[in-house]
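Coordinates in review
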Amino acid sequence: MGEVNPLAPARPPLPLRPGLALALALGGAACAGTVRPPPVWPAPPATERIRHVGTLSGGADLEGSAARFWRRLAGLEAPARLYHPLAVAVSPGGDLLAVSDQGLNQLLVFDLAASRLATIGRDDLGEAPGGVAVEGETVWVVVPLRRVALAYGRDGRPLRSLDLSDCERPLGLAVDAARKLLYVSDVSSAQGAGHAVHVHALVGGEHVRTLGRKGHGKGELFFPTFLALSPGGSLYVADTMNARVVEYDAEGNAIRQFGERGDRFGQFDKPKGVALDSFGNLYVVDSFFAAVQIFRRDARLLLFFGGPGDSPGFLANPAGIAIDARNRIYVANGLNFRVDVYQLVNTSAQDTALAELPAAR
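Residues numbered from 1 in each chain as written. Predicted model: local features only at pLDDT ≥ 70, side-chain atom pairs only at ≥ 80, totals over all residues. Heavy atoms only, no water.

**Remarks on unusual backbone geometry**
In this model, Trp41 is joined to Pro42 through a cis peptide bond whose omega is -10°. Within the element layout of this structure, Pro42 appears in the loop between β1 (40–41) and β2 (50–56). Between Pro44 and the following residue, Pro45, the backbone shows a cis peptide bond with an omega angle of 10°. A positive phi angle, near 55°, is found at Arg147, a position not held by glycine. (Helix = DSSP H or I, 4+ residues; strand = E, 2+ residues; numbered from the N terminus.)

**So, the confidence of the model for the protein chain**
Looking at the protein chain as a whole, its pLDDT mean stands at 88, while 83% of the residues score no less than 70. Across residues 11–32, confidence stays below pLDDT 50; counting only partners more than four residues off in sequence or on other chains, it has 34 contacts. (pLDDT = per-residue confidence, 0-100. Contact = heavy atoms within 4.5 Å.)

**What to know about the layout of surface pockets**
Its volume calculated, the largest pocket comes out at about 1000 Å³. Along the wall of the largest pocket there are 42 residues; nearest its centre are Val175, Ala228, Leu229, Leu276 and Ile323. Looking at the lining of the largest pocket, the elements that each hand over two or more residues are β3 (85–90), β7 (132–135), β11 (170–176), β15 (224–229), β19 (271–276) and β23 (318–323). Split into classes, the residues belonging to the lining of the largest pocket amount to 27 nonpolar, 8 polar and 7 charged. (1 Å grid on protein atoms, 1.4 Å probe; cavity = no way out; pocket = protein on both sides within 12 Å on 5 of 7 lines; lining within 4 Å. Points joined across faces, edges and corners; volume = space filled by probe spheres on them. Nonpolar A, V, L, I, M, F, W, Y, C, P; charged D, E, K, R; others polar.)

**Side note on the packing of aromatic side chains**
Any two aromatic rings considered together are summarised by their centre-to-centre distance and by the angle between their planes. Summed over the entire model, instances satisfying the criterion amount to 12 aromatic pairs. Seen in terms of ring centroids, Phe258 and Phe295 are 5.0 Å apart; in terms of plane orientation they differ by 55°. Their pairing is tilted. Of this pair, Phe258 sits in strand β18 (residues 254–258) while Phe295 sits in strand β21 (residues 291–295), placing them 37 residues apart in sequence. The same class applies to Phe258 and to Phe295, which are both buried. Connected via pairs of aromatic rings, a cluster forms that spans Trp41, Tyr283, Phe305, Phe314 and Tyr342. (Phe/Tyr/Trp six-rings, centres within 6.5 Å; stacked < 30°, edge-to-face > 60°. Buried < 20%, exposed > 50% of the residue type's maximum accessible area, 1.4 Å probe, protein only.)

**Some details on the side chain of His200**
Along the chain, His200 falls in strand β13 (residues 196–201). In terms of polar contacts, His200 uses its side chain to reach the side chain of Asp166, at 2.9 Å. Contact partners of His200, with chain neighbours within four places excluded, come to Leu162, Asp163, Leu164, Asp166, Lys180, Leu181, Leu182, Gly205, Glu206, His207 and Val208. (Polar contact = N/O pair within 3.5 Å; in protein donor to acceptor, adjacent residues only side chain to side chain.)

**Here's the deal with the pattern of salt bridges**
Here the idea is simple: oppositely charged side chains can pair when their charged atoms come close. Inspection of every chain in the model, using the stated rule, returns 14 salt bridges. A salt bridge links Arg154 to Asp111; its shortest N-O distance comes to 3.0 Å. Within this pair, whereas Arg154 is found in the loop between β9 (148–153) and β10 (158–163), its partner Asp111 is found in strand β5 (residues 106–111), the two being separated by 43 residues in sequence. Judged on exposure class, the residue Arg154 and its partner Asp111 are both buried. The closest approach of N and O atoms between Arg296 and Asp298, which form a salt bridge, is 2.5 Å. What you see here is one network of salt bridges that share partners, running through Asp95, Asp111, Arg116, Glu137 and Arg154. (Salt bridge = Lys/Arg side-chain N within 4 Å of Asp/Glu carboxyl O.)

Next up, the structure:
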């Protein structure tokens, strides 16, 4: 069996079953020369739930028009621009956004409050970056080939490092600031024995426990990639090559898994990014279908948004996802060279599953 790379760009889609194919196709292509309003999901007349509100392509997006004019007039070099964003993390207040770019081999830290961008390149990281997390004023990034997690300030200043030699190939990252724990997924390799999540003390770096093991059974993992933590300490793992999500409680017990390989709503092909909104709903990015599916706490499907395309709001090989306390959603849109930003609207804790899943208008 050849090497499996769960982070490789998605292959051209296979034919989908009519329901999903129609829904994604309606949202994916815009007529040439037509100016379209920002997409929303679901389409009218259903109540709007997800609204596309913008994109972030690089440091130039933080400049005002006057600053951009004078920079160009002076012939100054343009700020860094995203090339293939992989992972994304955001502070609860939405003022600090971290993006790892596997095309640039850089970590980009967007201080949105100060309109400032800090870039940490391969010379400083040592190798290409992987997963990212924001803990207060600190940005954490995994460097897979070095098997280390590095911490930086919001200004890009290096702070400290944490050894991850218990992983064969660390990738995903999540920080439990309340419990002072750092979770790292070991994506390993097809022949490797890793395929687990390792938990470290945030201070000191001691290994606390291991969640999961290689396999396809309950609580087992095969190429676990991205991670998300609930306020209560539950961990959600994108079990990418098992085409599902696995949930562990705060003590590390596998309590649930959902999803399977397929092309119907609620099924996956390559699940990657996972994140939770303020209502406890789980968002799962599927890079193959170029869409994000939203599930309730009981794993019941609520909605999908995105779909393949290159116009704003649509996706090409998406990977990481992050959500701030205002329910603003950030998706690393790999082959569209940007982070797409959405807003959850018209939603309350009492909302239940939608009867239909129409595409964006």
